[in-house]
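Listed below, chain by chain, are the residues.
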Amino acid sequence: MPPPPPPLLGGVAPAPAATAPSFLHLPLHTRLRAAAPRAAATASVRASHSHEDDAFLLRRAADVADRSAGLTSPHPNFGCVIVRPQRDTDSAVEPLVVGEGFLYAEGTPCAELLAAREAGEHARGATAYLNLEPGDCYGDSTAVGSLVQAGITRVVVGLRHPLKHLRGKAIKALRSEGIQVDVVGEDLQNKFFEEALMSCLTVNAPLLYRTAFHVPFSVLKYAMTADGKIAASSGHASWISGKASRGRVFELRGRSDAVIVGGNTVRFDDPRLTARHVKGHVPVRIVLSQSLNLPEEANLWNVNDAYTIVATQRGARRDFQKKLAMKGVEVVEFDMLNPRDVMSYCYDRGYLSVLWECGGTLAASAISASVIHKVCAFVAPKIIGGSDAPTPVGELGMSQMTQAINFIDVSYEQIDRDMLMSGFIQPIPDLSPVIPSMDEIPSVDPEVSPYETNIISFYKTWDTFGAFSNFSPYPIHMPDENGEYFTWPTVEHYYQAHKFVGVDNPQARTIVQDIKLAKSPEEAARIGRTRQKEFPELVRTDWEATKVDVMYRAIKCKFSTYPSLTNMLLSTAGSVLVESSPHDLFWGGGREGEGLNYLGRLLMQLRSEIRGTFPSNVEERDAA
Ligand SMILES: NC(=O)C1=CN([C@@H]2O[C@H](COP(=O)(O)OP(=O)(O)OC[C@H]3O[C@@H](n4cnc5c(N)ncnc54)[C@H](OP(=O)(O)O)[C@@H]3O)[C@@H](O)[C@H]2O)C=CC1
Ligand SMILES: Nc1c(N[C@@H]2O[C@H](COP(=O)(O)O)[C@@H](O)[C@H]2O)[nH]c(=O)[nH]c1=O
């Protein structure tokens with residue numbers, strides 16, 4: 001059971017029930033974990049909202065936002081929940097929802113305005129929870145204005161807006177009005193927010209994928225028997241899954257901008273691909289056919305049901321193309337018909353999300369082209385057998401089980417007699433700060449955004465930008481422990497040795513010597529790290545305070561010594577540089593962006609300094 005929502009204030013009409021259940025977006029672990037600790041938390045006395053309440057209410061905002069999934073395109077799904085603390089009979093302070101709203105569709109009032117209207121006077125001094133930073137633009141500041149006018153004093157934001165030109169804008173505007181804005185991952189960091197953030201990410205997954213990959217969010221959906229067949233050997237497939245599952249498919253269609261099938265599916269199934277039985281959004285139907293050897297009469301050619309596009313190879317059956325056009329079907333020719341180009345085309349048409357309902361042949365092509373992000377597999381408790389019976393995904397060229405694509409955030413749901421297994425095969429591109437944060441920007445590189453999607457990662461020296469690694473073989477001529485110039489084989493040698501430089505202890509001096517003579521940067525790092533652990537008393541006392549400066553000096557020397565490196569660094573202008581070390585969470589960006597990425601920051605800072613967009617002089621820099 002999901003946790004009960006906080007009560008709505010008496011007299012305030014509850015928001016309409018969700019038209020589509022949000023479980024489709026919530027991975028199993030999210031739902032299960034959220035259920036347990038809630039009761040205990042509400043019993044405790046809190047003067048202000050606890051992290052747990054914040055996280056819970058943010059998830060609620062994401063759920064509210066999900067009510068219009070499929071309808072808001074090309075806009076994201078926005079939800080707003082306004083909450084104020086209320087003292088209950090035991091004098092415990094409980095959060096009370098006083099208003100909720102979501103963007104219903106393009107051109108309708110924004111979530112913040114609706115929630116503020118519902119809350120009325122109760123909004124004064126209250127907190128607003130937003131799954132996504134408002135996207136006020138082109139002189140329209142309704143969202144921010146509604147919160148300000150309503151008297152909201154605190155706003156909790158799940159995600160910054162993924163679009164670059166809007167990112168941070170509303171947050172800044174709210175802050176400039178004196179409103180406290182807490183952004184998850186920046187101002188709010190706590191394990192409770194992991195799930196809330198996931199809800200905020202999933203509800204707007206289409207926009208996030210679209211923004212990051214320049215293709216619409218693509219879900220591959222299929223129904224298969226327990227023995228893994230999507231049709232009998234004859235090609236007959238009606239029906240594998242039960243009625244309830246097929247009803248769910250209508251919902252999935254209703255959340256999508258387009259539904260795609262291959263030519264064979266049209267020939268075998270004569271599908272309709274409509275979101276019938278679900279009121280609301282009707283997706284465009286797209287057929288991919290190279291041969292254009294398609295039936296003269298087909299349900300898909302009835303454009304009264306829904307719009308149909310046939311994507312084909314340039315020059316294919318022009319006579320048939322004309323016949324389709326006469327029926328109102330749009331034919332789009334591609335020089336080379338393939339899933340990626342079709343997805344780029346759909347991107348250009350503004351689609352946010354696409355549902356692939358094709359057979360295994362096209363599904364394999366789409367997976368190979370990396371355009372599928374999520375899979376929804378309906379499994380029916382049936383066996384059809386048949387060695388020639390089609391399976392959901394054709395040839396992917398994999399021969400070892402270790403090559404298998406693992407689902408991320410898998411969820412399982414029983415639908416009548418069937419089971420729906422879903423999971424992502426490409427992680428949701430999380431636009432959490434890739435360091436530096438907004439406030440740090442002026443002191444790192446004013447030319448990059450903290451949420452830049454254009455990221456250049458480097459780690460191993462053989463990577464394209466591997467020369468940025470401190471292990472890369474670029475000797476630097478820098479003073480040693482005696483102040484005499486020494487040729488350090490790598491930046492790593494210099495950096496590790498400086499942990500012990502200046503320490504008045506013979507053992508520390510020996511360590512410095514050992515590092516200077518280390519045969520490789522790996523060895524230098526090993527000596528430096530192990531000695532630091534074994535003999536913390538030998539590490540200079542100011543190390544934590546000076547290590548960033550030490551590193552900066554070393555990389556500055558490295559890049560100014562080698563013009564090819566300077567050029568390489570300058571060629572990355574505008575991109576965020578991330579040392580993608582999964583282990584080093586200070587210098588590296590971590591496995592999932594959890595690291596501080598200080599090496600990346602320093603490189604960006606150096607780049608900015610070389611480009612003249614950043615003061616090289618420390619005093620000048622501090623004054624900036
Ligand atoms: N249970 C289920 O969920 C589903 C079952 N099915 C069943 O699957 C069977 C059909 O499967 P399948 O043959 O794999 O059909 P597909 O839907 O995968 O269609 C394959 C066709 O797609 C077209 N195509 C265009 N571009 C490409 C490309 N780059 N790569 C691959 N194909 C491309 C070609 O059409 P053309 O030949 O016209 O050029 C090709 O023959 C049927 O029996 C159907 O009933 C189908 C969908 C879902
Ligand atoms: N056979 C099969 C599915 N097949 C998919 O549904 C399409 C038919 O859609 P429509 O004509 O709108 O009902 C068909 O072409 C294929 O893409 N789907 C399922 O959920 N369960 C099933 O058992």
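Rules of the game
- Numbers given for residues are sequential positions, taken from 1 along each chain in its written order.
- Each chain gets a letter, beginning with A, and each ligand a number, beginning with 1, in the order they are written.
- Local features in a predicted model are, by the rule used here, given only for residues with pLDDT of at least 70; side-chain atom pairs are given and counted only at 80 or more, and totals for whole chains, interfaces and linings are based on all residues.
- Side-chain numbers come from the whole structure's heavy atoms, not from hydrogens or water.
- Planes of paired rings set the category: under 30 degrees apart is stacked, over 60 is edge-to-face and the rest tilted, where pairs are Phe, Tyr or Trp rings (Trp by its six-membered ring) whose centres lie within 6.5 Å.
- Put simply, DSSP H or I for four residues or longer makes a helix, DSSP E for two residues or longer makes a strand, and each gets a number counted from the N terminus.
- For each residue, the accessible area found with a 1.4 Å probe, counting protein chains only, is set against the maximum for its type, and the residue is called buried under 20%, exposed over 50%, and partly exposed in between.
- It suffices for a single heavy atom of a residue to lie within 4 Å of a molecule or strand for the residue to be listed as near it.
- Residues adjacent in sequence count toward polar contacts only when both atoms are side-chain atoms; beyond that, a polar contact is any pair of N or O atoms within 3.5 Å, and within protein one must be able to donate a hydrogen and the other to accept it.
- Asp, Glu, Lys and Arg are counted as charged, while Ala, Val, Leu, Ile, Met, Phe, Trp, Tyr, Cys and Pro are counted as nonpolar; the rest, among them Gly, fall into the polar class.
- To measure how exposed things are, a 1.4 Å probe is used in the Shrake-Rupley method; for residues, cover is taken only from the protein chains shown.
- As annotated, the domain borders come from an automatic or database domain assignment.
- Following DSSP output, two strands are said to pair if at least two bridges run between them.
- Charged-residue counts in this description rest on Lys and Arg as positive and Asp and Glu as negative, His and the chain ends being excluded.
- We count a salt bridge whenever a side-chain nitrogen from Lys or Arg sits within 4 Å of a carboxyl oxygen from Asp or Glu.
- Contact criterion: two residues are considered in contact whenever any of their non-hydrogen atoms come within 4.5 Å of each other.
- In plain words, nonpolar cores are sets of buried Ala, Val, Leu, Ile, Met, Phe, Trp, Tyr and Cys residues tied together by side-chain atoms within 4.5 Å.

Draft legend 1. The packing of aromatic side chains, seen in detail. Using the criterion set out here, one finds 16 aromatic pairs in the structure. An angle of 55° between the planes, with centres 5.7 Å apart, marks the rings of Phe-468 and Phe-559 as tilted. Residue Phe-468 is found in the loop between β15 (455-458) and β16 (476-479), and its partner Phe-559 is found in helix α18 (residues 543-561); the two are separated by 91 residues along the sequence. On the basis of relative accessible area, Phe-468 is assigned to the buried category, the value being 0%. For Phe-559, a relative accessible area of 1% gives the class buried. Ring centres of Trp-587 and Tyr-598 lie 6.4 Å apart, and the angle between their planes is 85°; on these two criteria the pair is classed as edge-to-face. With Trp-587 in the loop between β18 (576-579) and α20 (598-611) and Tyr-598 in helix α20, the pair connects residues that are 11 residues apart, well separated along the chain. Grouping aromatic residues by their ring pairs yields a cluster made of Tyr-495, Trp-543, Phe-586, Trp-587 and Tyr-598.

Draft legend 2. Region of interest: the site of ligand 1. In the vicinity of ligand 1, 27 residues are found, and the nearest of them are Thr-265, Asp-269, Ser-289, Thr-361 and Ser-365. Contact distances for ligand 1 include 3.3 Å between an oxygen atom and a backbone N or O atom of Gly-262. Measuring from an oxygen atom of ligand 1, one finds a side-chain N or O atom of Arg-267 at 2.7 Å. Elements supplying a minimum of two residues to the shell around ligand 1: β6 (217-225), α10 (263-269), β8 (284-289) and α13 (360-368). Sort the elements by how many residues they give to the shell around ligand 1 and α10 lands first, with six residues. Classifying every residue of the shell around ligand 1 by side-chain character gives 12 nonpolar, 12 polar and three charged.

Draft legend 3. Fine view of the site of ligand 2. As a structural note, the neighbourhood of ligand 2 is formed by 16 residues, with Lys-221, Ile-240, Ser-241, Arg-276 and Glu-357 the closest of them. Backbone polar atom of Leu-273 to an oxygen atom of ligand 2: 2.9 Å apart, as the coordinates give it. Arg-276 is positioned with one of its side-chain polar atoms (N or O) 2.7 Å from an oxygen atom of ligand 2. Look at ligand 2: alone it shows 510 Å² of surface, and the protein chains cover 91% of it. Contributing elements (two or more residues each) for the shell around ligand 2: β6, α9 (243-254) and α10. Per element, the largest residue contribution to the shell around ligand 2 is three residues, and it comes from α9. Its residues assigned to classes, the shell around ligand 2 comprises seven nonpolar, two polar and seven charged.

Draft legend 4. Representation of the domain arrangement of the chain within the structure. What the domain assignment reports for the chain is domain 1 (51-203), domain 2 (214-388 + 405-424) and domain 3 (454-612). For domain 2 versus domain 3, the distance between C-alpha centres works out to 51 Å.

Draft legend 5. Representation of the pairing of strand β13 (residues 408-415) in the model. Relative to strand β14 (residues 418-424), β13 runs antiparallel, the two being bridged by six bridges. Among the inter-strand pairings, Gln-414 is bridged to a residue of β14, identified as Met-419. Linking β13 back to β14 in an antiparallel pair, the connection comprises two residues, with Asp-416 at a positive phi of about 55°.

Draft legend 6. Spotlight on the side chain of Arg-285. With respect to the element layout, Arg-285 can be found in strand β8. One buried charged residue, Arg-285, remains without a salt bridge, the closest side chain of opposite sign being Asp-305 at 4.4 Å.

Draft legend 7. Structural view of the environment of Leu-288. Within the fold, Leu-288 resides in strand β8. Under the relative-accessibility criterion, Leu-288 is labelled buried at 6%. Distance in space between the C-alpha atoms of Leu-288 and Asp-269 is 15 Å, their sequence separation being 19 residues. In this structure Leu-288 touches Ile-260, Val-261, Gly-262, Gly-263, Ala-311, Leu-337, Val-342 and Leu-362, once residues within four positions along its chain are discounted.

Draft legend 8. Main features of the nonpolar core. Membership of the largest hydrophobic core comes to 85 residues, with the highest contact counts inside it found for Ile-82, Ile-152, Val-155 and Trp-301. For this core, the element with the most residues is helix α3 (residues 51-65), which contributes eight residues. Split by domain, the residues of this core number at least three in each of domain 1 (51-203) and domain 2 (214-388 + 405-424). Those residues in contact with Ile-152 that lie beyond four places of it in its chain are Ile-82, Ala-123, Ala-126, Thr-127, Ala-128, Leu-147 and Ile-179.

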